[in-house]
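# Observations on the model geometry
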Amino acid sequence: MATLVLPDETFHSSWLECAAEFDGAHRDGAGGEDWPLEDLRDPGSFRRFVAELHAEALPETARKPGYVPCTYLWLVDDETVIGSLAIRHELNDFLLNEGGHIGYSVRPSARRRGHAARALKNALPIARQLGISPVLVTCDEDNDASRATIEKNGGILEDIRHGKRRYWIPTA
């Protein structure tokens, strides 16, 4: 069964395989937008990337404008990285309207097996420990799979903004 783990350099090969499977598509919850995939093939670069993901959870970490403290987690099943999840510690205007507290993605070959629903369920107590309750989770208006994932975890639809369905999920 897949579990959420902190990013770790021991998953280097598996993480690269997972990232490549997205074929350049956006990976919500993955972080590292400024890291080209080719650079991350180098073990030293990957080590720095993992350290950067860990540092993003710290309030004192310098970050680009519009970014908030964030806990990054990887979804791992039997030593294979099958996805990523981010818990954003606070909401700015963009996150309030479109991004939400939690974003996640599952590699294409592992979809439709309940991994996203379990990852979201397992992220809720972590969000609670971070003092976030309730959490806002969003999905594209036409993304039926993500909508089902959110609703399965108790998401209550507030509204639709900019093509995004906005759900609140209690963590307490």
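Refer to the structure presented above.
Residues numbered from 1 in each chain as written. Predicted model: local features only at pLDDT ≥ 70, side-chain atom pairs only at ≥ 80, totals over all residues. Heavy atoms only, no water.

What follows covers empty space enclosed by the protein. According to the stated counting rule, one finds one cavity of 30 Å³ or more in the structure shown. Taken as a whole, the largest cavity encloses approximately 50 Å³ of empty space. Lining the largest cavity we find Trp-15, Cys-18, Ala-19, Phe-22, Arg-27, Ala-30, Trp-74, Val-81, Gly-83, Ser-84 and Ser-105. By residue class, the composition of the lining of the largest cavity is seven nonpolar, three polar and one charged. (1 Å grid on protein atoms, 1.4 Å probe; cavity = no way out; pocket = protein on both sides within 12 Å on 5 of 7 lines; lining within 4 Å. Points joined across faces, edges and corners; volume = space filled by probe spheres on them. Nonpolar A, V, L, I, M, F, W, Y, C, P; charged D, E, K, R; others polar.)

Attention now goes to the pairing of strand E4 (residues 102-106). Taken across its five residues, E4 has five buried, putting it largely inside the fold. Neither face of E4 is open: one carries Ile-102, Tyr-104 and Val-106, the other Gly-103 and Ser-105, and all of them are buried. Bridging between strand E3 (residues 80-88) and E4 involves five bridges; their strand directions are antiparallel. Paired with Leu-85 across the bridge in E4 is Tyr-104. (Buried < 20%, exposed > 50% of the residue type's maximum accessible area, 1.4 Å probe, protein only. Helix = DSSP H or I, 4+ residues; strand = E, 2+ residues; numbered from the N terminus. Pairing = 2+ DSSP bridges.)

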